[in-house]
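# Breakdown of the fold
One-letter residues, chain by chain:
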Amino acid sequence: MGQRILILVASGPSTPQRCAAPFHIATLLACMDAEVTLFLTGEGVQLAREEIADTLCAIDGGEPVRHFIRQAKSAGARLLLCRAPGVPLHDYRLIAEVDEPASGGELAQMILEYERVLTL
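Residues numbered from 1 in each chain as written. Predicted model: local features only at pLDDT ≥ 70, side-chain atom pairs only at ≥ 80, totals over all residues. Heavy atoms only, no water.

### Here we look at the overall build of the protein
This is how the line gets drawn: Helix numbering and strand numbering both begin at the N terminus, where a helix is a DSSP run of H or I of at least 4 residues and a strand a DSSP run of E of at least 2. Here the radius of gyration uses the C-alpha set of atoms, whereas the globule reference equals 2.2 Å times the residue count to the power 0.38. A simple rule labels every residue: compare its accessible area, found with a 1.4 Å probe on the protein chains alone, to the largest value its type can have, and call it buried under 20%, exposed over 50%, or partly exposed in between. Two residues qualify as a contact provided that any one of their heavy atoms is within 4.5 Å of a heavy atom in the partner residue. Only the protein chains shown count as cover for residues, with accessible areas throughout obtained via the Shrake-Rupley method and a probe of 1.4 Å. Charge convention: Lys and Arg are scored as positive, Asp and Glu as negative, and His as well as the terminal groups of each chain are ignored. Just so you know, the charge point we use is NZ for Lys, CZ for Arg, CG for Asp and CD for Glu.
Across its full length, the protein holds four helices and five strands. Starting at the N terminus, the α and β elements of the protein follow one another as β-α-β-α-α-β-β-α-β. Relative to a compact globule of 120 residues, whose C-alpha radius of gyration would be 14 Å, the protein shows 13 Å and is just as compact. Here the C-alpha coordinates of the protein stretch approximately 35 × 35 × 20 Å along the principal axes. Evaluated residue by residue, the protein yields a buried proportion of 40% over its 120 residues. Put simply, 71% of the contacts in the protein that link residues at least 6 apart link residues at least 24 apart. When the accessible surface of the protein is totalled, it reaches about 6,300 Å², and 54% of it is carbon and sulfur. With 10 positive and 15 negative side-chain charges, the protein shows a separation of 1 Å between the mean positions of the two kinds.

And the structure:
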């Protein structure tokens, strides 16, 4: 594997035009043999909800965000979800593409260890 790249996905439903880009970039990097981890944090956590991922589009008439998430996963990217303290994840139907929930401590460790960190 090449460089390890962490992409923090902080955009969500309030800025739909920004939501496809992190997954598209992850797909390109993974195809270039980078080890890519996408970390949904902040409003980006909403992209892991089925009802959001299947309906939110970056542009009118475009593909839903889940299309871009699936492309990134197919290229080999990992998808982690920030586990907010006190917020039960079982209250939402999460997309199957999420590899696992992760803590803020795990995120901090990845920021220190990965060669590149992008925030989108």
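### Some remarks on the pairing of strand 2 (residues 35–40)
For clarity, the cut-off: Any two strands with at least two DSSP-identified bridges between them are counted as paired. If the strands point away from the viewer and the path from the first strand over the helix to the second runs clockwise, then the crossover is right-handed.
Along strand 2, five of the six residues are buried, which leaves the element largely enclosed by surrounding structure. With six bridges joining them, strand 1 (residues 4–9) and strand 2 adopt parallel strand pairing. By the bridge assignment for strand 2, Ile5 is matched with Val36. In this view, the connection linking strand 1 to its parallel neighbour strand 2 by way of helix 1 (residues 21–31) has right-handed handedness. In this sheet, strand 3 (residues 78–82) lies alongside strand 2 in parallel orientation, the contact comprising four bridges. By the bridge assignment, Leu38 is partnered in strand 3 with Leu79.

### Topic: the environment of Ile7
Along the chain, the position of Ile7 falls in strand 1. Overall, Ile7 belongs to the buried group, its relative accessible area being 0%. C-alpha of Ile7 to C-alpha of Lys73: the two residues are 66 residues apart in sequence and 13 Å apart in space. With near-sequence residues (within four places) excluded, Ile7 lies in contact with Pro22, Ile25, Ala26, Leu29, Val36, Thr37, Leu38, Phe39, Leu118 and Leu120.

### Considerations on the pattern of salt bridges
As a reminder, the rule being used: Should a side-chain nitrogen of Lys or Arg be within 4 Å of a carboxyl oxygen of Asp or Glu, the pair is scored as a salt bridge.
Within the structure shown, the criterion is met by seven salt bridges. A salt bridge links Arg70 to Glu97; the nearest nitrogen and oxygen atoms lie 2.9 Å apart. In this pair, Arg70 is assigned in helix 3 (residues 65–75) and Glu97 in the loop between strand 3 and strand 4 (100–102), connecting sequence segments 27 residues apart. Arg70 gets classed as partly exposed once you look at its relative accessible area, which sits at 44%. The exposure class of Glu97 is buried, given its relative accessible area of 11%. Among the ionic pairs, Glu106 bridges to Arg83, the shortest N-O distance being 3.9 Å. Placement of the pair is Glu106 in helix 4 (residues 104–113) and Arg83 in the loop between strand 3 and strand 4, with a sequence separation of 23 residues. Taken together, the shared-partner salt bridges in this structure form one network comprising Asp54, Arg66, Arg70 and Glu97.

In short, the description is geometric, and any link to function would need to be established separately.
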